[in-house]
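Commentary on secondary and tertiary structure
This is what each chain is made of:
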Amino acid sequence: MIAALSAADVQRREFWTGLCPSMSIEAGGARPVAAVGELDTHLANLRREGYVQVPDALPEAVVAPIREGVSTLFQQGIPLAFAFVYDELWLAFQGLSEFLASVMGEGYRALPDFWVWHVNPSDNSVGWGPHRDKLINTLDGDNSPRTLTVWLPFTDATPLNGCMYMLPAHLDDRFVQRRWDGPDNAIVHNLQDIRALPATAGTMFAWNQAVLHWGGRGSRLGAAPRISAAFEFQRSDCAPFNSPLLDPGRTPTFTERLGLIGKQVLQYRHMYPLSADVEAIATVLAERYMPEVAASVGVGAAL
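Named according to an unreviewed UniProt entry, the protein is Phytanoyl-CoA dioxygenase originating from Mycolicibacter arupensis.

1. Comments concerning the overall build of the protein
Helix and strand counts for the protein come out as nine helices and eight strands. By the compact-globule yardstick of 19 Å for 303 residues, the protein fits well, its C-alpha radius of gyration being 18 Å. In terms of principal-axis extent, the alpha carbons of the protein reach across some 50 × 45 × 40 Å. Taken over 303 residues, the protein has a buried fraction of 54%. Taking all contacts inside the protein whose residues are at least 6 apart in sequence as the whole, residues at least 24 apart take part in 83%. Total accessible area on the protein is roughly 12600 Å²; 53% of this is exposed by carbon and sulfur atoms. Put simply, the protein has 23 plus and 32 minus side-chain charges, and the middle of one group is 3 Å from the middle of the other.

2. Side note on the layout of surface pockets
For the largest pocket, the calculated volume is near 480 Å³. The wall of the largest pocket is formed by 27 residues, among which W128, H131, D133, E232 and Y268 lie closest to the centre. Sorting the residues of the lining of the largest pocket by element identifies β2 (109–119), β3 (147–153), β7 (212–215) and β8 (226–234) as the ones contributing at least two each. At four residues, β2 tops the list of elements feeding residues into the lining of the largest pocket. The residue makeup of the lining of the largest pocket, split by class, is 13 nonpolar, eight polar and six charged. What the second largest pocket holds in volume is close to 340 Å³. Around the second largest pocket, the lining comprises 17 residues; the ones closest to its centre are I78, P79, L80, Y272 and P273.

3. So, the pattern of salt bridges
All chains considered together, the criterion is met by 15 salt bridges. In this structure, R132 engages D172 in a salt bridge whose closest nitrogen and oxygen atoms are separated by 2.8 Å. With a gap of 40 residues between them, R132 in the loop between β2 and β3 and D172 in the loop between β4 (164–167) and α7 (173–176) connect regions that are remote in the sequence. The buried category is assigned to R132, whose relative accessible area is 5%. Taking relative accessible area as the criterion, D172 reaches 4% and is therefore assigned buried. Put simply, D184 and R174 hold a salt bridge, and the shortest N to O gap is 2.5 Å. Taken as a pair, D184 in the loop between α7 and β5 (195–197) and R174 in helix α7 lie far apart in primary sequence, 10 residues in all. Three or more residues joined by partner-sharing salt bridges are found here, namely D140, R146, R235 and D237.

4. Remarks on the nonpolar core
The biggest cluster of nonpolar side chains holds 89 residues, and the ones touching the most others in it are W16, F84, F99 and M204. Beyond its immediate chain neighbours, meaning those up to four positions away, M204 contacts V36, V52, Q53, V54, A57, L96, F99, V150, W151 and L152. Ranked by size, the runner-up nonpolar core spans five residues in total, among them L139, A169, W180 and A210.

5. Notes on the side chain of E49
In this structure, E49 sits in the loop between α3 (39–48) and β1 (51–54). A polar contact of 2.8 Å, which involves the side chain of E49, links it to the side chain of R195. Setting aside residues no more than four positions away along its own chain, E49 makes contact with P168, A169, H170, R195 and V211.

6. Quick word on empty space enclosed by the protein
Using a probe with the size of a water molecule, rolled over the atoms, empty space left in the structure can be pinpointed. Applying the stated criterion to the full structure yields two cavities of 30 Å³ or more. What lines the largest cavity is W90, F93, Q94, A110, F231, F233, L246, D247, P248, R250 and P252. When residues of the lining of the largest cavity are traced back to their parent elements, those giving at least two are α5 (87–94) and β8. Broken down by element, the residue count for the lining of the largest cavity peaks at three residues, all from α5. By residue class, the composition of the lining of the largest cavity is eight nonpolar, one polar and two charged.

7. Quick word on α3
Listed in full, the buried residues belonging to α3 are H42, L43 and L46. Here the buried residues of α3 occupy an arc of 95 degrees about the axis, which is enough to place them on one side. The inward-facing, buried residues of α3 abut β1, α6 (97–104), β3 and β6 (204–208). One or two steps after α3, the chain reaches G50, where phi turns positive at roughly 95 degrees.

8. Considerations on unusual backbone geometry
Looking along the chain, the bond that leaves S243 and enters P244 is cis, with omega of 0 degrees. We note that D56 has phi near 55 degrees; this positive angle belongs to a residue other than glycine. In this structure, D56 sits in the loop between β1 and α4 (60–76). For R178, which is not a glycine, the phi torsion comes out positive at approximately 60 degrees.

Calculation criteria
- Residues numbered from 1 in each chain as written.
- Predicted model: local features only at pLDDT ≥ 70, side-chain atom pairs only at ≥ 80, totals over all residues.
- Heavy atoms only, no water.
- Helix = DSSP H or I, 4+ residues; strand = E, 2+ residues; numbered from the N terminus.
- Rg over C-alpha atoms; globule rule 2.2 N^0.38 Å.
- Buried < 20%, exposed > 50% of the residue type's maximum accessible area, 1.4 Å probe, protein only.
- Contact = heavy atoms within 4.5 Å.
- Areas by Shrake-Rupley, 256 points an atom, 1.4 Å probe, with all protein chains shown as cover.
- Lys, Arg positive; Asp, Glu negative; His and termini not counted.
- Charge placed at Lys NZ, Arg CZ, Asp CG, Glu CD.
- 1 Å grid on protein atoms, 1.4 Å probe; cavity = no way out; pocket = protein on both sides within 12 Å on 5 of 7 lines; lining within 4 Å.
- Points joined across faces, edges and corners; volume = space filled by probe spheres on them.
- Nonpolar A, V, L, I, M, F, W, Y, C, P; charged D, E, K, R; others polar.
- Salt bridge = Lys/Arg side-chain N within 4 Å of Asp/Glu carboxyl O.
- Core = buried A, V, L, I, M, F, W, Y, C linked by side-chain atoms within 4.5 Å.
- Polar contact = N/O pair within 3.5 Å; in protein donor to acceptor, adjacent residues only side chain to side chain.
- Arc of directions from axis to C-beta.

Structure follows, in structure tokens:
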């Protein structure tokens, strides 16, 4: 982290607007309208393959500011989940509402689960390893998803900068048997079943939360970093899979965003290295702005 970053800094709107002047906070901007393609086809593919990939869902005008903002945070050593302090990240995911409503039904909710990545084209950089987003049943009998992860690359994602890899649901014995946990949860028995999913910036990916997937390793041969973000959603007719559930059409206030970001940093510490300084800042944010759920991520009483 940069030496000057502190819990006091992150709670000042001026700190963030000064860091990324081209990004906005509570500016009331219009959400984009994503080009999501044939909705019935997507649902059919979700049920069989476990995921969908839609190229050119978001235009360059939407992804470019986010790409630049995440790059700035990365260069400054600031935890990348803080990109969600800016409007542009929220608006990008709100632009996918037509697709999400078609899959999850009207009244779907956003889960308080999101993250941001910057994977350098370097042999030492990797995305998250093989995992399933949830190890409990999140599917109907016909594989219609009750929960969904949406992943957006803001740069081209290639095998040389850590593109996404997927074990398609219909090729996954554990998926077919409805067994998603246990010690061999992430084992792939036939390596030829693995599907590499390179993508251009602005592509939309969505997958059910039982499918096995991971980000690849970067390479010094890559041309640029892989910058991306993910957000999770659920149907409204299911009990909450995490709390608090969010109205996906409403952009949280600045202080609500800080609380949610603190929650992300703490709840994903098993997936990402977390320094004591970052943990302390995240704890302050979760305690101060989300006291009702702070205990769920292992922090103390509200300040």
